[in-house]
Amino acid sequence: TLFRSTHSVPEEIDINDSVLNDDDIGDSCHEGFLHNAISSHLQTCGCSIVIGSNADKVNKIVKTLCLFLTPSERKCSRLCRSESSFKYESGLFVQGLLKDANGSFMLHFRQVLYAPYPATHIDVDVNTVKQMPPCHEHTFNRRRYMRSELTALWRASSDEEKVQDSIIHTDESFTPDLNIFQDVLHKDTLVKSFLDQIFQLKPGLSLRSVFLAQFLLILHRKALTLLKYIEDETQKGQKPFKSLRSLKVDLDLTAEGDLNIIMALAEKIKPGLHSFIFGRPFYTSVQERDVLMTF
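Rules used in this analysis
- Residues numbered from 1 in each chain as written.
- Predicted model: local features only at pLDDT ≥ 70, side-chain atom pairs only at ≥ 80, totals over all residues.
- Heavy atoms only, no water.
- Axes fitted to C-alpha atoms, helices over the stretch in contact; angles between N-to-C directions.
- Helix = DSSP H or I, 4+ residues; strand = E, 2+ residues; numbered from the N terminus.
- Parallel < 35°, antiparallel > 145°, perpendicular 65-115°, else oblique.
- Left-handed = near helix turned anticlockwise from the far one by under 90°.
- Contact = heavy atoms within 4.5 Å.
- Buried < 20%, exposed > 50% of the residue type's maximum accessible area, 1.4 Å probe, protein only.
- Pairing = 2+ DSSP bridges.
- 1 Å grid on protein atoms, 1.4 Å probe; cavity = no way out; pocket = protein on both sides within 12 Å on 5 of 7 lines; lining within 4 Å.
- Points joined across faces, edges and corners; volume = space filled by probe spheres on them.
- Nonpolar A, V, L, I, M, F, W, Y, C, P; charged D, E, K, R; others polar.
- Phe/Tyr/Trp six-rings, centres within 6.5 Å; stacked < 30°, edge-to-face > 60°.

Peer 1: Residue-level account of the packing of helix α7 (residues 190-198) against helix α8 (residues 207-233), with values.
Peer 2: α8 packs onto α7 with a crossing angle of 165° between their chain directions and a minimal axis gap of 11 Å. The angle between α7 and α8 places the two elements in the roughly antiparallel class. Crossing hand, α7 versus α8: right-handed. Contacts from Leu190, Val191, Phe194, Gln197 and Ile198 of α7 reach α8 at Arg208, Phe211, Leu212, Phe215, Leu219 and Lys222.

Printed below as a string of structure tokens:
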């Protein structure tokens, strides 16, 4: 209750409290950084970790990203406070976290991997955006880690050894172990054109809020259309899906980033979608890689 009252994100966010109320794109933060942050945030199912040294700066980005969430998802998000030292929590959608006096922050590898969705890592001090692999890879990595942890625990109980958590220590440059966070490789057109257009509208009025609501509605409709397309092509999951190239062309999702954004939204509507579409080829490629490494 204390967390809800002092650090929770309100269900309804005023666009005036976000970066989207700036007079011009790039006033609060660099244009490329804002585009990458929102795009990656949508590609990782609306889950983001926002870190920095200044609470106001962190919270402004947290509120901006939360504009792209539903009211119930905002309830599962958290602002940061300068007098509090929160740690990362699995299962939150967006969370603001402050660096320590040395300008660094510690993320527990286990907690990040055990989260239900992959996440975007945003550092507002150095304007970097990193993202975890998509849902099917995240699920695969999580299960693999769980298996290795259970094996280690079983061995530890038999050998009376203690198993320690592995920790990712992030500093200003943020170069984590195990490449769990990667650069945002796939560019999109959806967020880019949205940002180009919204900053042409006058701030301080309801115009931008209406334009944002329209954009979110378009994304939602695209996700529902994608699900219906896959349902028809696979006879409601009876057959494997083989026409990804056709889907991209037919639904105007040829930009990889656009496909990732709509797939992530569709995943939340129909959990397991990524594994159904990409799972088999991904597992096969992992198995082939493992076999090749044995030579």
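Continuing now.
Peer 1: Tell me about the pairing of strand β4 (residues 120-123), and name the residues and values.
Peer 2: Here β4 shows two buried faces, one formed by Thr120 and Ile122 and the other by His121 and Asp123. Relative to β4, strand β1 (residues 48-52) is paired through four bridges, and the arrangement is parallel. Bridge pairing in β4 places Ile51 opposite Asp123.

Peer 1: Explain empty space enclosed by the protein residue by residue, including any values.
Peer 2: Summed over all chains, the structure comprises one cavity of 30 Å³ or more. Counted as a void, the largest cavity has a volume near 70 Å³. As for the largest cavity, its lining consists of 14 residues, and the residues nearest its centre are Cys47, Tyr88, Leu92, Ala115 and Ala119. Partitioned by chemical class, the residues of the lining of the largest cavity number nine nonpolar, four polar and one charged.

Peer 1: Break down the packing of aromatic side chains for me, with residues and values.
Peer 2: This structure, assessed with the given rule, holds seven aromatic pairs. Judged by centre distance (5.9 Å) and plane angle (80°), the ring pair of Phe68 and Phe194 falls under edge-to-face. One end of the pair, Phe68, is in the loop between α3 (55-66) and α4 (71-75); the other, Phe194, is in helix α7, with 126 residues separating them in the sequence. Of the two residues examined, Phe68 and Phe194, each falls in the buried class.

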